[in-house]
Amino acid sequence: MTANRTALVISAHAADFVWRCGGAIALHQKLGYDVTVACLSFGERGESAKLWKQEGTTLEKVKAARQKEAEAAAKALDVHDIQFFDLGDYPLDLGAEARERTVDLIRAVQPAFMMSHSMWDPYNTDHMNTTKFVLECRMVAQAWGHKPGEKVLGAPQLYLFEPHQTEQMGWKPDVFLDITEVWDKKRAAIECMEGQEHLWAYYTNVAENRGNHFRRNSGGQAGGRAARYAEGFQSVFPRTVDEL
Ligand SMILES: [Zn+2]
């Protein structure tokens, strides 16, 4: 029996993986992949405004609530494994210790592909710092001289998932993934994010818009796939192919 193929999502805050690639996660789980999600922080300070408006809130209470939501969302998406690095947010502390832990995770998972944030995000430096950090960790995981004897990483694609204010981030998708068959799972995961109810309709709309792009690019008016919901990604590395 061959082991399942794997994928690794690295999310700056606890909820990012839900909005930005929840469909990709659920779909690949359905395809037989084991998808691991690493949440570098809970988004406890910067992405939990609704919780902070409640009387008597503390940092620990917010973190616990965010972890609970993220775990429920991961369950809805059939995530294989979710890990919380608890590095603090706004800003994330991406020092040597975090790098060591992330490289170890990448090598342990040996992902066929990886996912993270846009390269540029002036509104949320945690997001773009995460991507730079992920590229650095990917590079270290590929180095034969890093912890010699361990299995080194191959060359997995890094897909950048869609940021919150798309055009402002210089993000341009080159891949559209049809997530129609797992949309119910993504919507269920979205609804686990009770602290960010203001985003539910927004990200449903994003998925519908990307569904339009999928249809147009898969055949246009001549008869594209009838995708209703999709996610867009920007790939960092070129693809190597045998046929165009
Ligand atoms: Zn975030």
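Just so it is clear, the model here is predicted, and its values are computed rather than measured. (Residues numbered from 1 in each chain as written. Predicted model: local features only at pLDDT ≥ 70, side-chain atom pairs only at ≥ 80, totals over all residues. Heavy atoms only, no water.)

Overview of the overall build of the chain
Across its full length, the chain carries seven helices and seven strands. Of the regular secondary structure in the chain, the N- to C-terminal order runs β-α-β-α-α-β-α-β-α-β-β-α-α-β. Taken over the C-alpha trace, the chain has a radius of gyration of 18 Å; the compact-globule value for 244 residues is 18 Å, and the two agree within 12%. Here the C-alpha coordinates of the chain stretch approximately 60 × 50 × 40 Å along the principal axes. Considering the chain as a whole, with its 244 residues, one finds that 51% of them fall into the buried category. Considering only intrachain contacts with a sequence separation of at least 6, the fraction spanning at least 24 residues in the chain is 76%. On the chain, roughly 12200 Å² of surface is accessible, and the fraction owed to carbon and sulfur atoms is 51%. Positive and negative side-chain charges of the chain, numbering 28 and 33 respectively, have mean locations separated by a distance of 3 Å. (Helix = DSSP H or I, 4+ residues; strand = E, 2+ residues; numbered from the N terminus. Rg over C-alpha atoms; globule rule 2.2 N^0.38 Å. Buried < 20%, exposed > 50% of the residue type's maximum accessible area, 1.4 Å probe, protein only. Contact = heavy atoms within 4.5 Å. Areas by Shrake-Rupley, 256 points an atom, 1.4 Å probe, with all protein chains shown as cover. Lys, Arg positive; Asp, Glu negative; His and termini not counted. Charge placed at Lys NZ, Arg CZ, Asp CG, Glu CD.)

Description of unusual backbone geometry
Residue Tyr 90 is joined to Pro 91 through a cis peptide bond whose omega torsion reads 0°. When you line up the elements, Pro 91 lands in the loop between β3 (81-84) and α4 (96-109). Positive phi, close to 65°, is recorded for Asp 78, a residue that is not glycine.

A look at the packing of aromatic side chains
Overall, the coordinates contain seven aromatic pairs when judged by the stated rule. Between Phe 42 and Phe 84, the ring centres sit 5.4 Å apart and the planes meet at 20°, which makes this aromatic pair stacked. With a gap of 42 residues between them, Phe 42 in the loop between β2 (34-39) and α2 (49-52) and Phe 84 in strand β3 connect regions that are remote in the sequence. Each of the two residues, Phe 42 as well as Phe 84, counts as buried. Both rings, one in Tyr 202 and one in Tyr 203, keep their centres 4.8 Å apart while their planes meet at 85°; by these two values the pair is edge-to-face. Among the aromatic residues, those joined into a ring-pair cluster are Tyr 33, Phe 113, Tyr 159 and Phe 233. (Phe/Tyr/Trp six-rings, centres within 6.5 Å; stacked < 30°, edge-to-face > 60°.)

The quantities given are spatial measurements derived from coordinates; they are silent on function.
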